[in-house]
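# Notes for the structure review
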Amino acid sequence: MDSLLSRLFSSEEEEIYILDCMAYLMVFMAACTFITLLFENIPYGRYATSKYGFPVNVRFAWFVQELPAIAVPLILLFWTVSAKISLLPNRLLVVMYFCHYIQRSLIYPFLIRGGKATPFASFVLAFVFCIYNGYMQIRYLSHYAEYPASWVTHPCFITGSALWLVGWLVNVHSDHILRSLRKPGETGYKIPTGGMFDYVSGANFLGEITEWAGFALAAHSVHSLAFAIFTTVVLASRAVAHHKWYLTKFEDYPKSRKALIPFLF
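Residues numbered from 1 in each chain as written. Predicted model: local features only at pLDDT ≥ 70, side-chain atom pairs only at ≥ 80, totals over all residues. Heavy atoms only, no water.

### A look at the environment of Ala-31
You can see Ala-31 is positioned in helix α2 (residues 12-36). Judged by relative accessible area, which is 41%, Ala-31 ranks as partly exposed. The sequence separation of Ala-31 and Asn-171 amounts to 140 residues, and the corresponding C-alpha distance is 24 Å. (Helix = DSSP H or I, 4+ residues; strand = E, 2+ residues; numbered from the N terminus. Buried < 20%, exposed > 50% of the residue type's maximum accessible area, 1.4 Å probe, protein only.)

Spelled out as structure tokens, the structure:
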């Protein structure tokens, strides 16, 4: 793998420059996505439509489209010289990343009950994004990111790590609540209650946004920040869309519940 990277990049300076460019491009993609989502919802789940391609089984789609987010980093860690992975801050950040994607790709898909098929276009875009982001995050953390030995006791790392953990727990718990709404074989929608759903319609999205915002604070890099921005744009839009959908679908939907931020928005 090192020989392949050496053919792609003439030097480490060139590769880190490309990694930085990838981060800036992700921020640009986030801006474009924000504008697009003002007019149309992301076509998967309850907003799936046939105009974005043939349907892909929802469990298969989630498993396969998220798998590169694990596979690409593993290749980078085990088949390249990972010069910085021995450093404690780098290791902890890589563990945070893997905790999310192991749950998202290897556990979450097989717990789904019902759920609409994913349009092929959405499936492919998610697959490509996971390759892109998996390489950008883990290549930077494993080979280039340098933190002082005291970084793990820095307020940014401690606060960011705490936010990541809280966000991860909220995300996993909220997914469990949503699954529990459906008995085996059911496919309809119900009003979620419990946990953060008592305060917001997009509790699972709030958890994931918090998770990656914390990761960005702890990692303190343009690469992690770009991912957090992109995640926020996509999931905030989805939370707002869900909130409007619930209000339209259910007459008894709690009027005090917000879309994404408790008591505020």
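### As for the packing of aromatic side chains
Following the criterion strictly, the structure yields 22 aromatic pairs and no others. Arranged with centres 5.7 Å apart and planes meeting at 90°, the rings of Tyr-97 and Phe-98 form a pair that is edge-to-face. One aromatic cluster is present, formed by Tyr-97, Phe-98, Tyr-101, Phe-129, Trp-212, Phe-215, Phe-227 and Phe-230 through successive ring pairs. Taking the ring centre of Trp-245 as reference, the NZ or CZ of Arg-46 above it sits at 4.4 Å. Above the ring of Tyr-108, the side-chain terminus of Arg-104 is found at 4.5 Å from the ring centroid. (Phe/Tyr/Trp six-rings, centres within 6.5 Å; stacked < 30°, edge-to-face > 60°. Lys NZ or Arg CZ within 6 Å of the ring centre and 35° of its normal.)

### Re the pattern of salt bridges
Taken as a whole and assessed by the stated rule, the structure comprises five salt bridges. For Arg-139, the salt bridge goes to Glu-15, with nearest N and O atoms at 2.7 Å. With Arg-139 in helix α6 (residues 120-143) and Glu-15 in helix α2, this pair connects stretches of sequence that are 124 residues apart. For the pair Arg-139 and Glu-15, one class covers both residues: buried. Across the pair Glu-40 and Lys-51 runs a salt bridge, and its minimum N-O distance is 3.3 Å. Separated by 11 residues along the polypeptide, Glu-40 in the loop between α2 and β1 (55-56) and Lys-51 in the loop between α2 and β1 bring together distant segments of the chain. Assessed through its relative accessible area of 31%, Glu-40 is described here as partly exposed. A network of salt bridges, in which partner residues are shared, links Arg-104, Asp-175 and Glu-208. (Salt bridge = Lys/Arg side-chain N within 4 Å of Asp/Glu carboxyl O.)

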